[in-house]
Amino acid sequence: MSKCEICNQKVKTTYVCDGCGARFCEKCGNVKKLTCKDCISYDEEIKGGYKPEQEIEIEIEDTE
Ligand SMILES: [Zn+2]
Ligand SMILES: [Zn+2]
């Protein structure tokens, strides 16, 4: 038995993250890319364009 460092659950198999070296289970990251959940979200931030906290403001102009 190994322990996942992300969710702290005992799991059969853990994978070592390529980014931070954390041991994670299959639920806590991408096992094909060997990237834990933390590093996946970090990756998405770098790629840009994905800003969920930012709302688009639409200004309605009154032309009449
Ligand atoms: Zn986990
Ligand atoms: Zn990681």
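Please read these numbers as outputs of a predicted model, since none were measured by experiment. For every chain, the first residue of the written sequence is number 1, and numbering continues from 1 onward in sequence order. The naming scheme follows written order: chains are lettered A onward, ligands numbered 1 onward. Local features are withheld for residues below a pLDDT of 70 in this predicted model, meaning they are given only at 70 or higher, and side-chain atom pairs are given and counted only at 80 or more; totals for whole chains, interfaces and linings count all residues. Computation of side-chain values covers all heavy atoms of the structure but excludes hydrogens and water.

Colleague: Help me out: how do you make sense of the overall build of the protein chain in this one?
Modeller: Helix and strand content of the protein chain: one helix and six strands. Numbering of helices and strands runs from the N terminus, with a helix taken as a DSSP run of H or I at least four residues long and a strand as a DSSP run of E at least two residues long. Starting at the N terminus and ending at the C terminus, the protein chain contains elements arranged as β-β-β-β-β-β-α. Sorting the 64 residues of the protein chain into buried and exposed places 17% on the buried side. Residues are treated as being in contact if the distance between any of their heavy atoms lies within 4.5 Å. Across the protein chain, contacts joining residues at least 24 apart in sequence account for 6% of those joining residues at least 6 apart. Using a 1.4 Å probe on the protein chains alone, a residue whose accessible area is under 20% of its type maximum counts as buried, one over 50% counts as exposed, and one in between counts as partly exposed.

Colleague: Looking at this model, I keep getting lost on the packing of aromatic side chains. Mind explaining?
Modeller: Two aromatic rings are characterised by how far apart their centres lie and by the angle between their planes. Paired rings are identified among Phe, Tyr and Trp, the last through its six-membered ring, by centres lying within 6.5 Å, and are further divided according to the angle between planes into stacked (under 30 degrees), edge-to-face (over 60) and tilted (the rest). The final tally for this structure, using the stated rule, is one aromatic pair. On the basis of an interplanar angle of 40° and a centroid distance of 6.0 Å, the ring pair of Tyr-15 and Phe-24 is categorised as tilted. Tyr-15 sits in the partly exposed class, given a relative accessible area of 23%.

Colleague: Which parts of the structure should I look at to understand the nonpolar core?
Modeller: In summary, soluble globular proteins display a tendency toward joint burial of nonpolar side chains. Among the buried residues, those of types Ala, Val, Leu, Ile, Met, Phe, Trp, Tyr and Cys that are joined through side-chain atoms within 4.5 Å form a nonpolar core. Formed by Cys-4, Val-11, Cys-17, Phe-24, Cys-25, Cys-28, Cys-36 and Cys-39, the largest nonpolar core amounts to eight residues. The residues touching Cys-17, leaving out its near neighbours within four places in the chain, are Ala-22, Phe-24, Leu-34, Thr-35, Cys-36 and Cys-39.

Colleague: Could you clarify how one ought to interpret the coordination of the zinc ion (ligand 1) in this entry?
Modeller: In ideal tetrahedral geometry, four donors around a metal make angles of 109.5 degrees, whereas ideal octahedral geometry with six donors gives angles of 90 or 180 degrees. All of the protein donors around the zinc ion (ligand 1) are Cys-4 (SG), Cys-7 (SG), Cys-25 (SG) and Cys-28 (SG); their distances to the metal are 2.2 to 2.3 Å. Each of the four donor atoms around the zinc ion (ligand 1) contributes to a set of angles spanning 102 to 117°, which defines the coordination as tetrahedral. Counted as donors are the N, O and S atoms within 2.8 Å of the metal, or 3.2 Å for Na, K and Ca, while water is not among the atoms, so some sites may look incomplete. In primary-sequence terms, the residues that donate to the zinc ion (ligand 1) follow C-x2-C-x17-C-x2-C. Relative accessible area serves as the criterion here: at 3%, Cys-25 is assigned to the buried category. By the criteria applied here, four donors are tetrahedral when all angles lie between 85 and 135 degrees, four are square planar and six octahedral when opposite donors are over 155 degrees apart and every other angle lies between 65 and 115, and any other arrangement is irregular.

As far as function goes, none of this settles anything; it's purely spatial.
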